[in-house]
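As a plain string of letters, each chain reads:
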Amino acid sequence: MKFIKNNKNSLFSGILKYSSVLVIALSLFMSAGFVQADTNCDGPSQPKCSTTPPNGGTEVSVKIENPLAKNGINNIQGFIGAIINVVLVVGVPIITLAIIYSGFLFIQ
């Protein structure tokens, strides 16, 4: 490792320096190739896409439920409003006690 640290102009030290950027960039470009959707259906001259599984397999349906929906939080505005309410409920008593404590320190 001392050879790499001492020889800063070598190509290998440059690769080591930017290897994390290289790995992230390659992973982003490689994942785009695996995620492409099938575009050969529902076109003007293409057949309609089939939603039934091939070879008589079973169809699996997955639904992710909102855990905050029970509290009436169904969107971002409701979530931010709930966070503000929690901050106010917890923060106002703490601020009040801090002001009272600073008043006692001022008197002494």
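Per chain, the residues get numbers from 1 upward, laid out in the order the sequence is written. Given that the model is predicted, a residue must reach a pLDDT of at least 70 before its local features are reported, and side-chain atom pairs must reach 80 or more before they are shown or counted; all residues, however, enter totals for whole chains, interfaces and linings. Each side-chain value is worked out from all heavy atoms of the structure, with water and hydrogens disregarded.

**Brief notes about the overall build of the chain**
In terms of regular secondary structure, the chain is built from four helices and zero strands. Numbered from the N terminus, helices here are DSSP runs of H or I no shorter than four residues, and strands are runs of E no shorter than two. The order of α-helices and β-strands along the chain, N terminus first, is α-α-α-α. For each residue, the accessible area found with a 1.4 Å probe, counting protein chains only, is set against the maximum for its type, and the residue is called buried under 20%, exposed over 50%, and partly exposed in between. Considering the chain as a whole, with its 108 residues, one finds that 5% of them fall into the buried category. All accessible-area figures derive from a Shrake-Rupley calculation using a 1.4 Å probe, and residue coverage is judged against the displayed protein chains alone. Accessible area for the chain stands at about 10,500 Å²; split by element, carbon and sulfur atoms hold 67% of it.

**A closer look at helix α4 (residues 76-107)**
To estimate how far a helix should extend, the number of its residues minus one is multiplied by 1.5 Å. With 32 residues, α4 should cover 46 Å at 1.5 Å per step; its first-to-last C-alpha distance of 46 Å lies within 8% of that length. Bend angle per residue: angle between axes fitted to the 7 residues ending at that residue and the 7 residues starting there. G91 marks where α4 bends most, by close to 30 degrees; the proline P93 follows one to four residues later.

**What to know about a nonpolar patch on the surface**
Put simply, a patch holds well-exposed residues, over 30% relative accessible area, that have no salt bridge, with like charges counted together within 9 Å and Val, Leu, Ile, Met, Phe, Trp or Tyr side chains within 5 Å. For this document, the term salt bridge refers to a Lys or Arg side-chain nitrogen within 4 Å of an Asp or Glu carboxyl oxygen. A cluster of nonpolar residues, L68, I76, F79, I80, I83, I84, V87, L88 and V92, forms a patch on the protein surface that exposes about 780 Å² of accessible area. Secondary-structure assignment places V92 in helix α4.

**Observations concerning the confidence of the model for the chain**
A score between 0 and 100, pLDDT records how confident the predictor is in each residue. For the chain, per-residue confidence averages 76 on the pLDDT scale, and residues scoring 70 or more make up 57% of the total. Looking over the chain, one finds the lowest element-wise mean pLDDT in helix α1 (residues 2-6), namely 57, and the highest in α4, namely 93.

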